[in-house]
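# Notes for the structure review
The lines below spell out each chain.
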Amino acid sequence: MAFDAFGDFRMTGHTVVLTGGAQNIGAGIAKTLVGAGAKLMIADLNGEKAKATAADIAKETGGECLGMACDVTKADQIDAVVGATVKAFGGISTLVNNVGWGGRHDDPTAISDEDFIASYKLNTISAYRMSMACLPYLKLAKNATITNSGSMSSAAAAYDILAYGTAKAALNQMMISLAHLLAKQVRVNSVLIGTVLTPGYADAGIDEAMQEKLKNPDNLVGRAGSPEDVANAFLYFCSPASRWVSGQIVNVHGGGNVVRLFN
Ligand SMILES: NC(=O)c1ccc[n+]([C@@H]2O[C@H](COP(=O)([O-])OP(=O)(O)OC[C@H]3O[C@@H](n4cnc5c(N)ncnc54)[C@H](O)[C@@H]3O)[C@@H](O)[C@H]2O)c1
């Protein structure tokens, strides 16, 4: 048989929990992983939308995809997702912690303790709780991985989304610590995502003029990203293609924002 260079990217035999996959980036990752052969559970605050998206993905790919309601900031709801996924698919080999978001804070002196705590709960602690809940099953699986949706704002100046950028920076550190603590059992990595224009931008207080500007950000590729652009990096980290890679970050952001000193 001819050598198959794409064979290591196949997700056949993998069973995935993916959080926040009812729309946008999470839905793009879900479609790519199911398209590659994984069985996947979308866990999202919006249970109806999660189910509808999962049904669309199953139809489009011919694969297995389910959806259910889950608030990832609630431990009992996390446990329910783990139980339902194991019941449906027989185990969990792969976790994608994709949930996250944050508000805009134009005044860096006016971020409340509550803003920071809410951002940590959603962007950082939820990923830890979900990782720990899946861990007993990950330890039993071949090619077990945890991959997080990180943000460019965790590694670059993010003064107007400070609480979010801070929580995502903590997620990077958590990824590296877990990769070491779970060495030889579970590979743990993060994708630092750049600008992918979604309805979440309006929710975060970014006005239409700024959203228009962000369609053509000053990055090396010269455009904003799409969920599909981002999903390919997740396929690499979740599949056996990255079997010698753990504790790593890849930036998927069009080459980042260009910093110019003289014009
Ligand atoms: N869009 C971007 O430009 C961008 C840039 C960098 C990083 N990211 C990161 O990528 C990930 C996905 O971003 P997106 O733009 O697709 O987000 P989005 O807001 O469009 O979608 C997030 C999904 O998560 C769900 N969700 C929200 N709170 C939840 C909770 N408590 N429990 C369970 N589900 C919940 C929502 O219902 C929604 O379906 C996030 O972690 C985000 O921080 C996005």
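As shown above, the structure is provided for reference.
Residues numbered from 1 in each chain as written. Predicted model: local features only at pLDDT ≥ 70, side-chain atom pairs only at ≥ 80, totals over all residues.

### Comments concerning the site of the ligand
The immediate surroundings of the ligand are formed by 27 residues, with Gly-20, Asn-24, Ile-25, Gly-100 and Gly-200 found nearest. Elements that contribute at least two residues to the shell around the ligand include exactly helix H1 (24–35) and strand E5 (145–151). Looking at the shell around the ligand element by element, the count peaks at 3 residues for H1. (Near = placed C-beta within 6 Å. Helix = DSSP H or I, 4+ residues; strand = E, 2+ residues; numbered from the N terminus.)

### Some remarks on the environment of Pro-227
Residue position: Pro-227 is located in helix H8 (residues 227–238). Put simply, Pro-227 and Ser-93 are 134 residues apart on the chain and 23 Å apart in space, counted from C-alpha to C-alpha. The contacts of Pro-227, once residues within four sequence positions are left out, are Asn-24, Ile-25, Ala-27, Gly-28 and Val-196. (Contact = placed C-beta atoms within 7 Å.)

### Some thoughts on the pairing of strand E1 (residues 15–19)
For E1, the buried fraction is high: 5 of the 5 residues fall into the buried class. Neither face of E1 is open: one carries Thr-15, Val-17 and Thr-19, the other Val-16 and Leu-18, and all of them are buried. Pairing geometry for E1 and strand E2 (residues 39–44), over 5 bridges, is parallel. Among the inter-strand pairings, Val-17 is bridged to a residue of E2, identified as Met-41. Between the parallel elements E1 and E2, the chain passes through H1 in a crossover that is right-handed. (Buried ≥ 20, exposed ≤ 12 C-beta atoms within 10 Å, placed from the backbone. Pairing = 2+ DSSP bridges. Right-handed = clockwise from strand over helix to strand, strands pointing away.)

### A look at the pairing of strand E3 (residues 65–69)
Here 5 bridges tie E2 to E3, and the two strands are oriented parallel to one another. Bridging across to E3, Leu-40 finds its partner in Cys-65. Crossover handedness for the path E2 to helix H2 (residues 47–61) to E3: right-handed.

### Regarding the packing of helix H4 (residues 113–138) against helix H5 (residues 162–181)
It is the contact of H4 with H5, at a shortest axis distance of 8 Å, that shows an interaxial angle of 25°. With respect to H5, the element H4 is oriented roughly parallel. Of the two elements, H4 crosses H5, and the hand of that crossing is right-handed. Along the contact surface, H4 presents Asp-115, Phe-116, Ser-119, Tyr-120, Asn-123, Thr-124, Ala-127, Tyr-128 and Ser-131, while H5 presents Ala-163, Tyr-164, Ala-167, Lys-168, Ala-170, Leu-171, Met-174 and Leu-178. Residue composition of the contact of H4 with H5, grouped by class: 11 nonpolar, 4 polar and 2 charged. (Axes fitted to C-alpha atoms, helices over the stretch in contact; angles between N-to-C directions. Parallel < 35°, antiparallel > 145°, perpendicular 65-115°, else oblique. Left-handed = near helix turned anticlockwise from the far one by under 90°. Nonpolar A, V, L, I, M, F, W, Y, C, P; charged D, E, K, R; others polar.)

### A short note on the nonpolar core
One finds Val-17, Leu-18, Ala-30, Leu-33, Leu-40, Ile-42 and Phe-234 to be the most contacted residues of the largest nonpolar core, which totals 60 residues. Ignoring sequence-local partners within four residues, the contact set of Val-17 consists of Met-41, Ala-43, Val-81, Thr-85, Ile-92, Leu-95 and Cys-134. (Core = buried A, V, L, I, M, F, W, Y, C linked by C-beta atoms within 7 Å.)

### Section: H5
Here H5 contains 20 residues, and its C-alpha end-to-end distance of 29 Å stays within 8% of the 28 Å for a straight helix at 1.5 Å per residue. Where H5 is concerned, the buried positions are Leu-162, Ala-163, Tyr-164, Gly-165, Thr-166, Ala-167, Lys-168, Leu-171, Met-175 and Leu-178. (Expected span 1.5 Å × (residues − 1).)

### Some remarks on the sheet that holds strand E4 (residues 94–97)
Reading across the sheet, the 7 strands line up as E3-E2-E1-E4-E5-E6-E7 and stay open at both edges, with parallel pairing between neighbours. A strand with exactly one partner marks an edge of an open sheet, and here the two such strands are E3 and strand E7 (248–252). Put simply, the sheet's adjacent strands are angled 20° from each other on average, direction ignored. When E1 meets E4, the two strands line up parallel, connected through 3 bridges. By the bridge assignment for E4, Leu-18 is matched with Val-96.

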